[in-house]
Each structure stands twice: as structure tokens, then as C-alpha cells.
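Reading the structure
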Amino acid sequence: MSAPATGHRDLLTWVQQVADLTMPDRIVWCDGSDDEYRRLTDELVETGTLVRLDPGRRPASFWARTDPSDVARVEERTFICSPDEADAGPTNNWVAPDEMKRTMTALYRGAMRGRAMYVIPFCMGPLDAEDPKFGVEITDSAYVVASMRIMTRMGTAVLEAMGTDAEYVRALHSVGAPIEPGDADVPWPCSRTKYISHFPQTREIWSYGSGYGGNSLLGKKCYALRIASVLARDEGWLAEHMLIIKVTSPDGRVRHIAGAFPSACGKTNLAMLDPALPGWKVETIGDDIAWMRFGPDGRLYAVNPESGLFGVAPGTGWTTNANAMRTLARGNAIFTNVARTDDGDVWWEGMGDPPAHLTSWTGASWTPGSDEPSSHPNSRFCVPIGQCPTLAPEYHDPRGVPIDAILFGGRRKTTVPLVAEARDWNHGVYLGATLSSETTAAAAGEVGVVRRDPMAMLPFIGYHAGDYVSHWISLGKSAPAAALPKIFYVNWFRRDEDGGFLWPGFGENIRVLKWITERLDGRGAAVDTPIGLVPPPSAIDVSGLPATDLEAALRVDPEEWRAELPLITEWFERFGTKLPAVLWAELDALKARLG
Ligand SMILES: Nc1nc2c(ncn2[C@@H]2O[C@H](COP(=O)(O)OP(=O)(O)OP(=O)(O)O)[C@@H](O)[C@H]2O)c(=O)[nH]1
Ligand SMILES: O=C([O-])CC(=O)C(=O)O
Ligand SMILES: [Mn+2]
């Protein structure tokens, strides 16, 4: 479709303004149809952005390689442009909205020359929600259109639902690589100059220079977290970087659990967990983002606003995440920066035995003897969540599911035990606010550096991080304590002296979830330690588990925790007067308990 089937004046005006500025060859209004997807992916194959995989092995699936400089989110180039600098807080980059718009308008001028400009109406969350959250992304990347079709509800149905005057988030994206007359396009156009800018007051997103998912699929991190966290603050709800699962115990009891782990720290894997304990069932509702509101019964209800999975490929295999492998086997996937086999399949580290020869993510010939990994550590698969064999029917329910427990977790080699339960809501918020994790390849920059990552939202909070943790504290007062989810802190990544993981993880994590559900029932043994309630090794069901040093995985070493205190103090000091006093009180109480 290229004629706009909408009477939405504001949208029509904006689209025309953007076209006047960016000067594309043509404007394409996306309808979201199968036909359109086929046409776009055909075009992308022709231009070399996508390579079609063998339909026998990977039906309707494609392989993409990015420019080697455009492989991850760019936090240094991500900006929160609130009118008042103080509102961006100590954890965000800030530029005044006017100044940023001036700078970026100059970059956008003529930026789409030689390209099509696609208009993508999309909706985050079910279209039949009481208050559907609309967005429109304008982009000059067909790869973005194809990926947005997987990750969001988009197209004609959304445009119709928007009517003539629905509010929507304006999301503008350009790869920043106009094609001059006579020039040829490149397979992965992008620019050295990158800006990922958010204007929370006017609910706008302007992204320039990158085609990588986290920077270009603007419904995801930019809207569903950075802009939505501001909406959530204003409207009394939560937009969080969380997976959502439905857990059914052998006696048929259903629990819903949400979990916030930083990027590349295990959300997708836990969301698709294949339980190692017989009789347990885990179903998937979301793997990355949760929008949560209190219901009339005082309980917190969570919805997954996305419709696809944009998962880390390396480490995904039949022994670690069989459900992801099954989801991908059904086809309709876009793989980015993994390796391609000679017979038209994909491969990455952690999938099993490597084939004798591959084409690596850089396009180089690769053999098992090669020095470099075949796939980029942040290589990704993008696939419809509807294909997930463990998808819970409640995924489609616009009211969401009532959350019984919230997990906060990070990637820590030392110090943090496998699991600990918070004493109460405020202590749980303290655990979330002080969450720490080693950095990963999901963002550009050094990997393996421990940093504080409040609620796994450090790169995604659209306002002052102190106001954000205050919002969490105040929401705890809006419901009776008994209705609030219980909060737990987990760490699947603690290591022994030889560098091996102390806990087997993946499907075995059900053993930790089992203890958590027992705690929700008021059962399950726990030791009161300085940092929270920790199971004694005997409280974790190890039936059928090969020898595991649970003692070491669960250890709370006061020495290690005392070493954290100055780091946490320094972290809290960065919030200035915005840090709620109750969190300082929690830190003082921890100090006292550690002696
Ligand atoms: N050792 C261990 N590794 C895990 C576990 N769960 C996940 N991983 C690995 O951690 C990496 C990231 O896992 P994901 O589940 O994709 O992480 P994520 O939080 O969804 O990542 P984003 O999509 O970036 O938000 C993968 O390489 C996984 O194989 C676990 O329980 N134990
Ligand atoms: O946004 C991305 O690039 C991928 C992702 O889920 C994350 O980093 O948390
Ligand atoms: Mn994520």
C-alpha cells in the first residue's frame, strides 16, 4: 500500500513534514500484510542486505550481516532530551530538546535521498486493550520494517484503530546514508554519526545512523521502556525490562513471575525454560519487556507489549534453550550477525558441534580452528512469539497476568548468592536499586565490568533514576502488602575458583523457582542472612541433579558484602537528594547486620 488510508490529520501532516525534510524517492505506507513482507524481504535479498536461508531447513528465514561498527546499542549516543536537564538525572546523557532537534534536523535533511520512506503504524500490546498504546515509526530501512512486523502489531489494522485523532508516539528513524545519484547502495547502510534521542515531554523518538535492532526498532527499548517509563511515572504504572512467565506446579497451582535481568543476562532463557523437574510446567508470556499496572484487586498485572523475540543467539541450543530452537525451526526468522553454513542454515557458538566450514558474521571463511568466534557475541534472532511452543494463552489477554513474584538478577562471578528473598517491598526495591551486573556485548563498550544497574533499567530509564526508584517505593504503598508481589534476587552466574559456573542454570533454574513458589505459599526453609532470606542447601530440590556445590552457590560471605558497601554508598550518592530516605535506611540496616 502506498496511499495513506487514514484521515488522521496530525499523522498525515507529520509524514509530509518528514518527507519534505528527508527527501525520499517515495513514501510507502506499510499495511503489515504477508504480501508486503514477502515483497520487502525479496527486495532485501536483491540488495544483499538479506540472504535467503535454505527453505527446507529454515522456511522463510533470512541471514543478515551488519556493518562491523553497527552491532549493538550505543549507550554513549543515547540521549534523554527533557526540557529540564535535572529530569534526565545522573544516569542519562542529556541535550536540550531544541538543541538536539537543531542538530538532528540538519542530519535528517536529505538523509533519505535515493531511498523509500516507510510509514509503520504499530501498537505496543494487544490492539483490543482498553487504552492501546500506538506509535508510528518512519524509517528508510526495509530491514527495520521487516523486523518491526515481527516485533510489533503493525499495519492497516493499527491505522484503522487509530482513527482520526488517536494519540501516538512519533518515532523517526534514518540509517543516515542517502544514496547519491549514480551511486550504488551497500548491504548495511549506516552512518558513523549516531544519535538515539528521546523527547519524553512530547513523546517523540529520533534515531539516526544505526540499523541495529536496539537502536532502530523504535517500539522496543526507545518506546516500550524509555518513553513508556515516563508515561508510567505520570500515570502510576511500571514499564520494566522484564520477562514474564506462568509457572504451574505438579499440584496444578499457577503462579506468574516477572524477572528483570540486564541485557544478555538470561531473560529470554528463563522465559522459555524447559523444567528439569518432572511435573513442572513453565509457559512464556514475555521475554524482555513488561508493562505492569495495579488491578482493582490491588494486584500487579503484567502485559508483554511485544509480539516477537529479539534474542541473543550465542548460547542458544537444544540443551540450553530447546524452546527457542523449536520456535526458530518454524521459520519466519531474521538472523543477524550469526554464521551461515554452506548448505544454507545458520550456526553460532553454543548450538552444538560446529560444521567443518562456515561463513562468519564478518563474511570471512571460518573453520573450527579459526581464532575468532563465528558469530558476533551480540548476534540476534528475530522471530514471532506466536511460534513459541510454550506460549501461554494469557499472552493475548490485554488485562495481563497477576504477578506473584518479581526477580531481580545480574551476572556476578562472586558475592551474590543463587537466590535471596527480600524481607518486604522496600527491601526488595533496595535490592533492585543496587542490582549489579557485569557488562555484556549487548551494548557497545567494555565487557565484564561490574556496574550498578537499577532494576536492569540503567540504559532504559527515561527520567531521573532517583525519581524512578521513588516511583517503585511509592507504588508499594498503593496496594495492601499481602497483594504485592514478593521480591527475590537471583544470580545464575557465580563462579568457582577455576572460572566454572557454580550452578548449572537453564532448565535447572526450575529448582530455584520451586523454592520461590514454596516461599510464596509460606513454606520453604530460609536462613535470615544480612542480605535477605537465603535457602539452606537442603531447601533446594536437587533430585536428579549431578553433584553441584550448592553450599558455594548459596554462600553469603560477609567479607565480600562489606566490600560492596562503599560501592553502593558511592552509587547512592550519585542520586543526590532524589534518593528516597528509606533506601539509605536499608543500606544502614545492611551495614548494621554485616557488623
Ligand atoms: N550459565 C548460564 N548462562 C545463561 C543462563 N541463562 C542464559 N544464559 C546465557 O546468557 C546469555 C544471554 O541470555 P538471554 O536469555 O538471551 O539474555 P536476555 O536477558 O534475554 O538478553 P537481552 O535480549 O539482551 O535482553 C546467553 O548466552 C545464554 O546462553 C543460565 O541460567 N546460566
Ligand atoms: O535492545 C537490544 O538491542 C536488545 C535487547 O533486548 C537488550 O539489549 O536488552
Ligand atoms: Mn533485552
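Residues numbered from 1 in each chain as written. Chains lettered and ligands numbered in written order. Predicted model: local features only at pLDDT ≥ 70, side-chain atom pairs only at ≥ 80, totals over all residues. Heavy atoms only, no water.

The condition that has to hold: UniProt positions are given in the numbering used here, feature names are shortened, and annotations may be inferred rather than shown by experiment.
Under an unreviewed UniProt entry, the name given to the chain is Phosphoenolpyruvate carboxykinase [GTP], and the organism recorded is Catenuloplanes atrovinosus. Annotation of the chain in UniProt includes, under Subcellular location (unreviewed entry), the sentence "Cytoplasm". As stated in UniProt under Catalytic activity (unreviewed entry), the record for the chain gives "oxaloacetate + GTP = phosphoenolpyruvate + GDP + CO2".

**Observations concerning the environment of valine 119**
What counts is decided by this rule: A run of H or I in DSSP becomes a helix once it reaches four residues, and a run of E becomes a strand once it reaches two; helices and strands are each numbered from the N terminus. Each residue is assigned to one of three classes by its accessible area relative to the maximum for its type, calculated with a 1.4 Å probe on protein chains only: buried under 20%, partly exposed between the two thresholds, exposed over 50%.
Here valine 119 shows up in strand β5 (residues 116-124). With relative accessibility at 0%, the residue valine 119 sits in the buried group. The spacing of valine 119 and glutamate 137 is 18 residues in sequence and 6.0 Å in space, taken between C-alpha atoms.

**Focus on the coordination of the manganese ion (ligand 3)**
The following threshold applies: Each metal's donors comprise the N, O and S atoms found within 2.8 Å of it (within 3.2 Å for Na, K or Ca). Water is not part of the atom list, so some coordination spheres may appear incomplete. The rule is simple: four donors are tetrahedral if all their angles sit between 85 and 135 degrees, four are square planar and six octahedral if opposite donors span more than 155 degrees and the others lie between 65 and 115, and anything that fits none of that is irregular.
All of the protein donors around the manganese ion (ligand 3) are Lys221 (NZ), His241 (NE2) and Asp288 (OD); their distances to the metal are 1.9 to 2.7 Å. Coordination at the manganese ion (ligand 3) is irregular, judged from the six donor atoms that bind it and the angles of 63 to 158 degrees they form at the metal. Spacing between the donor residues of the manganese ion (ligand 3) along the chain follows K-x19-H-x46-D. A residue pair is termed long-range when its members are at least 10 positions apart, and lysine 221 in helix α8 (residues 219-235) and histidine 241 in the loop between β11 (238-240) and β12 (242-248) qualify at 20 residues. Judged by relative accessible area, which is 1%, histidine 241 ranks as buried.

**Considerations on the UniProt feature "domain: Phosphoenolpyruvate carboxykinase C-terminal P-loop" (unreviewed entry) in the chain**
What UniProt calls "domain: Phosphoenolpyruvate carboxykinase C-terminal P-loop" (unreviewed entry) maps, in this numbering, to residues 237-593. Span residues 237-593 is 22% helix and 23% strand, its end C-alpha atoms 33 Å apart.

**Section: the site of ligand 2**
What counts here: Proximity is defined per residue: if any heavy atom of the residue lies within 4 Å of a molecule or strand, that residue is considered near it. Polar contacts here mean pairs of N or O atoms no more than 3.5 Å apart (in protein, one a potential hydrogen donor and the other a potential acceptor; neighbouring residues in sequence count only if both atoms are side-chain atoms). Residue-level accessible areas treat just the shown protein chains as cover; the underlying method is Shrake-Rupley with a 1.4 Å probe. Basically, the charged four are Asp, Glu, Lys and Arg, the nonpolar ten are Ala, Val, Leu, Ile, Met, Phe, Trp, Tyr, Cys and Pro, and anything else, Gly included, counts as polar.
Arg73, Tyr212, Gly214, Lys220, Lys221, His241, Ser263, Asp288, Phe310, Arg380 and Ala442 make up every residue found near ligand 2. Between an oxygen atom of ligand 2 and a side-chain N or O atom of serine 263, the distance comes to 2.5 Å. Protein burial of ligand 2: of its 260 Å² of free accessible surface, 98% is covered by the chains. Among the residues forming the shell around ligand 2, the class breakdown is three nonpolar, three polar and five charged.

**So, the site of ligand 1**
Residues in close proximity to ligand 1 total 22 residues, the closest being Ala264, Lys267, Thr268, Asn269 and Arg380. Here lysine 267 contributes a side-chain N or O atom positioned 2.7 Å from an oxygen atom of ligand 1. In the model, an oxygen atom of ligand 1 is placed 2.9 Å from a nitrogen or oxygen of the proline 314 main chain. Coverage of ligand 1 by the protein amounts to 92% of the 650 Å² it exposes when considered alone. When contributions to the shell around ligand 1 are tallied by element, the ones reaching two or more residues are α9 (267-271) and β17 (308-312).

**Looking at unusual backbone geometry**
A positive phi angle is found at arginine 203, which is not glycine, with a value near 55 degrees. Position of arginine 203 among the secondary structure elements: in the loop between β9 (195-199) and β10 (204-208). The backbone phi angle of phenylalanine 506 is positive, close to 50 degrees, even though this residue is not glycine. Position of phenylalanine 506 among the secondary structure elements: in the loop between β29 (486-490) and α13 (510-520).

**Digging into the sheet that holds strand β16 (residues 300-303)**
So the rule is basically this: For two strands to be treated as a pair, DSSP must find no fewer than two bridges joining them. Should any heavy atoms of two residues lie within 4.5 Å, those residues are considered in contact. Helix axes are fitted to C-alpha atoms over the stretch in contact, other axes to C-alpha atoms as well, and angles between N-to-C directions run from 0 to 180 degrees.
Taken in spatial order, the four strands of this open sheet run β11-β15-β16-β24, and their pairing is antiparallel. On the outer flanks of this sheet lie β11 and β24 (401-402), each paired with one strand and no other. Where strand β15 (residues 290-294) and β16 come together, four bridges link them in antiparallel fashion. The partner of methionine 292 across the bridge, within β16, is alanine 302. Packed onto the sheet, α8 meets β11 and β15 and runs at close to 160 degrees relative to β11. Contacting β11 and β15, helix α12 (residues 465-475) crosses the sheet at an angle of about 125 degrees to β11.

**With respect to the nonpolar core**
In plain terms, the rule: We define the nonpolar core as a collection of buried residues of types Ala, Val, Leu, Ile, Met, Phe, Trp, Tyr and Cys that are connected through side-chain atoms lying within 4.5 Å of one another.
Counting residues in hydrophobic clusters, the biggest one holds 162 residues, and the most contacted among them are Met292 and Trp472. Sort the elements by how many residues they give to this core and α8 lands first, with nine residues. Ignoring any residue separated from it by four or fewer positions in sequence, one finds tryptophan 472 in contact with Leu238, Glu240, Met242, Ile406, Phe408, Trp425, Val429 and Met455. One finds Val18, Cys123, Leu172 and Phe199 within the second-largest nonpolar core, a separate group that totals 31 residues.

**Side note on helix α10 (residues 322-329)**
The α-helix advances 3.6 residues per turn, and as a result positions three or four apart in sequence lie on the same side. For α10, a buried count of six out of eight residues is recorded, marking the element as mostly surrounded by other parts of the structure. When α10 is considered as a whole, its buried residues turn out to be Ala322, Asn323, Ala324, Met325, Thr327 and Leu328. Next to the buried residues of α10 lie β17, β18 (334-336) and β23 (380-384). Phi for glycine 331, located one or two positions after α10, is positive at around 90 degrees.

**Side note on the state of the cysteines**
Where we set the bar: Note on terminology: disulfide denotes any pair of cysteine sulfur atoms within 2.5 Å.
Enumeration according to the criterion identifies zero disulfides in this entry. Here cysteine 81 stays unpaired: no disulfide links it, and the sulfur of cysteine 222, its closest cysteine neighbor, is 12 Å away. Among the cysteines around cysteine 382, which has no disulfide bond, cysteine 388 carries the closest sulfur, lying 14 Å off.

**A closer look at the pairing of β15**
Relative to β15, β11 runs antiparallel, the two sharing three bridges. Bridge pairing in β15 places leucine 238 opposite methionine 292. Linking β15 back to β16 in an antiparallel pair, the connection comprises five residues, with glycine 298 at a positive phi of about 80 degrees.

**Overview of the pairing of strand β13 (residues 254-260)**
Each regular strand shows side chains that alternate between the opposite faces of the sheet. Here β13 lies mainly inside the structure; six of its seven residues are buried. Of the pairings in the sheet, the one linking β12 to β13 comprises seven bridges and is antiparallel in character. Its bridge partner lying in β13, methionine 242 is registered against alanine 260. The turn joining β12 and β13, which pair antiparallel and follow one another in sequence, is formed by five residues; a positive phi near 90 degrees is taken by glycine 252. As judged from the four bridges shared by β13 and strand β25 (residues 405-409), these two strands associate in the parallel manner. Paired with alanine 258 across the bridge in β25 is isoleucine 406.

**Some points on the UniProt feature "binding site: GTP" (unreviewed entry) in the chain**
UniProt annotation of "binding site: GTP" (unreviewed entry) refers to Ala264, Cys265, Gly266, Lys267, Thr268, Asn269, Arg380, Arg411, Phe506, Gly507, Glu508 and Asn509 when read in the numbering used here. Maximum C-alpha separation among the annotated residues is 23.9 Å over a sequence range of 246 residues, too wide for a single clustered spot. Note on placement: glycine 266 falls in the loop between β13 and α9. Looking at the element boundaries, threonine 268 is found in helix α9.

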